[in-house]
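For reference, the chains in residue letters:
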Number of protein chains: 4
Amino acid sequence: MKKTKPKYRQIIDAAVVVIAENGYHQAQVSKIAKQAGVADGTIYLYFKNKEDILISLFQDKMGYFVEKIEEKIAGKEKAAEKLLMMVESHFRMLSEDRHLAIVTQLELRQSNKDLRHKINEVLKGYLALVERILADGRESGEFPADLDIRLARQMIFGTMDETVTTWVMNEQKYDLTALAEPVHKLLIGGCGKL
Amino acid sequence: MKKTKPKYRQIIDAAVVVIAENGYHQAQVSKIAKQAGVADGTIYLYFKNKEDILISLFQDKMGYFVEKIEEKIAGKEKAAEKLLMMVESHFRMLSEDRHLAIVTQLELRQSNKDLRHKINEVLKGYLALVERILADGRESGEFPADLDIRLARQMIFGTMDETVTTWVMNEQKYDLTALAEPVHKLLIGGCGKL
Amino acid sequence: MKKTKPKYRQIIDAAVVVIAENGYHQAQVSKIAKQAGVADGTIYLYFKNKEDILISLFQDKMGYFVEKIEEKIAGKEKAAEKLLMMVESHFRMLSEDRHLAIVTQLELRQSNKDLRHKINEVLKGYLALVERILADGRESGEFPADLDIRLARQMIFGTMDETVTTWVMNEQKYDLTALAEPVHKLLIGGCGKL
Amino acid sequence: MKKTKPKYRQIIDAAVVVIAENGYHQAQVSKIAKQAGVADGTIYLYFKNKEDILISLFQDKMGYFVEKIEEKIAGKEKAAEKLLMMVESHFRMLSEDRHLAIVTQLELRQSNKDLRHKINEVLKGYLALVERILADGRESGEFPADLDIRLARQMIFGTMDETVTTWVMNEQKYDLTALAEPVHKLLIGGCGKL
DNA sequence: TATGAATGAGCCTTCATTCAT
DNA sequence: GATGAATGAAGGCTCATTCAT
């Protein structure tokens with residue numbers, strides 16, 4: 001399996017660094033190859049084309065993301081707790097890998113519509129996880145019986161995404177992880193008064 | 001004033017159509033000129049360069065956006081009502097101009113970091129409007145005194161944006177406007193139970 | 001006659017200034033029109049096309065050049081004296097009009113081969129004057145009977161031209177007129193010893 | 001070293017031919033590539049940009065020029081002899097490569113001021129050689145002690161340049177090399193009588 | 001496997017000239 | 001005569017991908 005060979009990872013990791021530091025449009029294959037310490041042609045022994053590097057990168061990181069969050073959630077009983085774990089993990093993991101944060105929040109969105117659709121396919125795994133938490137909460141009576149799960153998922157993901165993007169656009173100047181708890185509170189209670 | 005001349009509008013409108021139908025990277029200046037019914041060179045009598053078309057397009061539409069929403073809000077007393085008007089207007093205006101929806105949600109985000117920052121400057125006018133509604137609600141006691149306005153704004157904008165993007169990615173198959181009311185309810189009350 | 005109308009001169013003079021200050025390739029017709037205080041289209045009432053401005057400019061200035069030199073020479077008897085007058089006048093006139101010096105020595109030479117041939121036609125009037133002085137000197141016995149007039153003309157013109165160009169390329173930092181006498185001495189006596 | 005690779009020379013040589021035959025402004029990169037038998041992109045593996053081809057071309061040819069002339073001069077003792085060798089070599093080398101003659105005398109001068117200054121830098125090597133001959137001659141007493149070397153250099157180079165340009169403008173119809181001896185005589189003795 | 005030299009398609013912008021007013 | 005808005009052709013350069021070694 002190619003995905004387990006060292007050069008596969010080398011190239012993925014190089015891509016993250018090169019895209020974060022140079023921007024999507026200045027991340028030429030030759031630059032990625034150089035950063036990875038391989039020849040340009042070698043890239044094509046591991047990836048179908050440039051787009052394939054980007055999708056693989058996203059799959060790879062997103063898979064790790066979902067996996068870690070599922071671990072965190074495993075022990076929790078309450079949906080609200082699970083949600084907090086998710087927001088915290090989401091913010092923390094991107095805080096800890098600033099290159100990755102730049103790539104996912106800014107650079108990868110510059111890709112064309114086609115690639116964006118493929119990235120969205122990968123994202124579905126994460127969105128499904130959000131929906132599962134919401135469905136659990138609804139079943140257990142913790143969330144309203146008439147909660148529109150799709151809309152609620154859009155609120156949750158949209159809010160987290162916007163919060164992270166704002167943080168990245170502000171050059172990651174403040175502590176993102178500290179926002180997990182207040183953001184969670186907003187998501188559960190809304191911005192209205194009780 | 002160039003911005004009031006008919007060709008200025010012609011070109012802006014042509015750009016929206018061409019970008020929506022062909023995608024950002026396939027929206028050549030010559031294609032926009034043809035759609036606008038002018039010569040390639042004429043574009044440069046009204047715009048500094050291709051990027052300037054995009055920024056002007058965004059300023060133009062966003063200005064109209066903010067203006068319309070402010071009109072709608074004007075008569076309302078309650079912050080919650082204002083918020084509903086905003087979500088409704090946001091969804092309705094993008095529903096009514098499907099080309100524009102594609103451009104703002106998908107295509108314009110493919111622009112490079114530089115252009116993205118300029119677009120963000122324009123966006124600030126809208127975000128300020130959201131924050132004004134929140135501040136009003138907090139002052140009137142309608143929203144909690146400890147509401148973090150910035151975070152709440154991120155929730156509101158993030159949720160609307162994600163909702164519209166999901167709708168566009170699903171090829172605008174369902175009625176976006178109908179989601180305004182339930183989305184508003186979510187934003188006010190959160191996804192938790194009372 | 002168009003050539004006597006005030007706008008004709010206005011445009012020629014504007015062209016000299018614009019070319020000297022902006023360079024040949026940055027001397028657009030619209031810039032010349034603006035400097036001349038006329039509309040772009042007006043240029044074409046007085047000149048066939050852009051090339052025609054340049055040729056006319058050169059004809060105009062060169063005509064004045066030859067005329068002035070002929071005046072200076074008129075009274076002189078000796079060919080060597082005439083030659084000195086010519087070198088002095090040549091250097092002085094270009095010293096006094098630095099814009100013109102830049103245009104003739106640097107900018108006009110960037111024109112294409114076609115225009116260069118036309119400029120050469122105009123130059124022939126000046127070259128003929130040089131040859132006349134040489135022929136006079138040969139006839140009067142002042143210069144050797146076997147003097148190759150064409151070659152001598154090339155030496156004289158080439159030397160003057162190179163001297164002026166070097167002066168312009170050195171940003172006209174030194175007194176060009178002061179070089180007339182030593183240059184004349186070199187042309188008459190060569191660089192060898194008597 | 002890129003400069004020793006065969007494609008480097010191929011492209012330089014192609015550029016000379018294409019520029020001579022089509023003129024500077026009609027010498028598109030694609031034309032040069034075609035003539036060189038390489039792809040357009042290959043040009044950019046060997047040259048930074050189009051201007052770099054021209055500068056390299058000039059450096060290359062001028063380097064060869066100076067080298068050849070220095071070889072010729074090496075054995076000579078008298079400055080006048082050296083000067084003759086130089087004029088002869090200069091005329092002969094341009095006679096033998098008519099394409100190159102057109103390029104150096106007409107086409108390369110159409111380049112913009114910036115490139116012109118770079119070309120001038122290269123030319124300095126040749127001008128220094130001329131000055132060295134003159135200085136030698138002055139030291140040895142062959143030339144007058146008060147000879148202004150800079151002016152004499154301007155006479156010599158200006159005369160040679162004008163002679164070659166006139167020959168090229170006359171479509172190289174006569175034997176340029178035959179002019180070396182009479183031109184040399186003029187330069188040494190001037191056009192005056194002993 | 002790995003290399004890296006070579007390929008070649010594709011587009012924004014300028015500016016001399018025209019012509020309706 | 002005078003205007004100036006409109007025209008439209010034309011080319012240098014980048015970079016993802018290939019393939020002979």
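Shown above is the structure to which this text applies.
Reference entry: report on the structure contained in this document. (Residues numbered from 1 in each chain as written. Chains lettered and ligands numbered in written order. Predicted model: local features only at pLDDT ≥ 70, side-chain atom pairs only at ≥ 80, totals over all residues. Heavy atoms only, no water.)

1. Quick notes on the overall build of chain A
So, step 1. Along the backbone of chain A there are nine helices and zero strands.
So, step 2. Across chain A, helices and strands are ordered from the amino to the carboxyl terminus as α-α-α-α-α-α-α-α-α.
So, step 3. Summarising its shape, the C-alpha atoms of chain A cover approximately 60 × 35 × 30 Å along the three principal directions.
So, step 4. Contacts in chain A between residues at least 24 apart in sequence constitute 70% of all its contacts with a sequence separation of at least 6.
So, step 5. About 8900 Å² of surface is accessible on chain A, with carbon and sulfur atoms providing 51% of the total.
So, step 6. Separation of charge centres in chain A, based on 29 positive and 28 negative side chains, amounts to 4 Å. (Helix = DSSP H or I, 4+ residues; strand = E, 2+ residues; numbered from the N terminus. Contact = heavy atoms within 4.5 Å. Areas by Shrake-Rupley, 256 points an atom, 1.4 Å probe, with all protein chains shown as cover. Lys, Arg positive; Asp, Glu negative; His and termini not counted. Charge placed at Lys NZ, Arg CZ, Asp CG, Glu CD.)

2. Remarks on the pattern of salt bridges
So, step 1. Under the criterion given, the structure shown has 50 salt bridges over all chains.
So, step 2. Residues D161(A) and R109(A) are paired through a salt bridge, measuring 2.8 Å at the closest nitrogen-oxygen approach. Highlighted residues: D161(A) in helix 8 (residues 149–169) and R109(A) in the loop between helix 6 (98–107) and helix 7 (113–139), separated in sequence by 52 residues.
So, step 3. Take D161(A): its relative accessible area is 12%, and that puts it in the buried class.
So, step 4. Salt-bridge contacts for E51(D) lead to K118(D); the nearest nitrogen and oxygen are separated by 3.2 Å. Of this pair, E51(D) sits in helix 4 (residues 50–74) while K118(D) sits in helix 7 (residues 113–139), placing them 67 residues apart in sequence.
So, step 5. A relative accessible area of 36% places K118(D) in the partly exposed class.
So, step 6. Connected through salt bridges with shared partners, the residues R9(A), D13(A), D60(A) and K61(A) form a single ionic network. (Salt bridge = Lys/Arg side-chain N within 4 Å of Asp/Glu carboxyl O. Buried < 20%, exposed > 50% of the residue type's maximum accessible area, 1.4 Å probe, protein only.)

3. Remarks on the side chain of H184(C)
All names here are of chain C.
So, step 1. In this fold, H184 is placed in helix 9 (residues 180–189).
So, step 2. On the basis of relative accessibility, which here comes to 11%, the residue H184 falls in the buried class.
So, step 3. Among the polar contacts listed, one links the side chain of H184 to the backbone oxygen of A80, at a separation of 2.7 Å.
So, step 4. Dropping the residues within four chain positions of it, H184 is found in contact with A80, L83 and L84. (Polar contact = N/O pair within 3.5 Å; in protein donor to acceptor, adjacent residues only side chain to side chain.)

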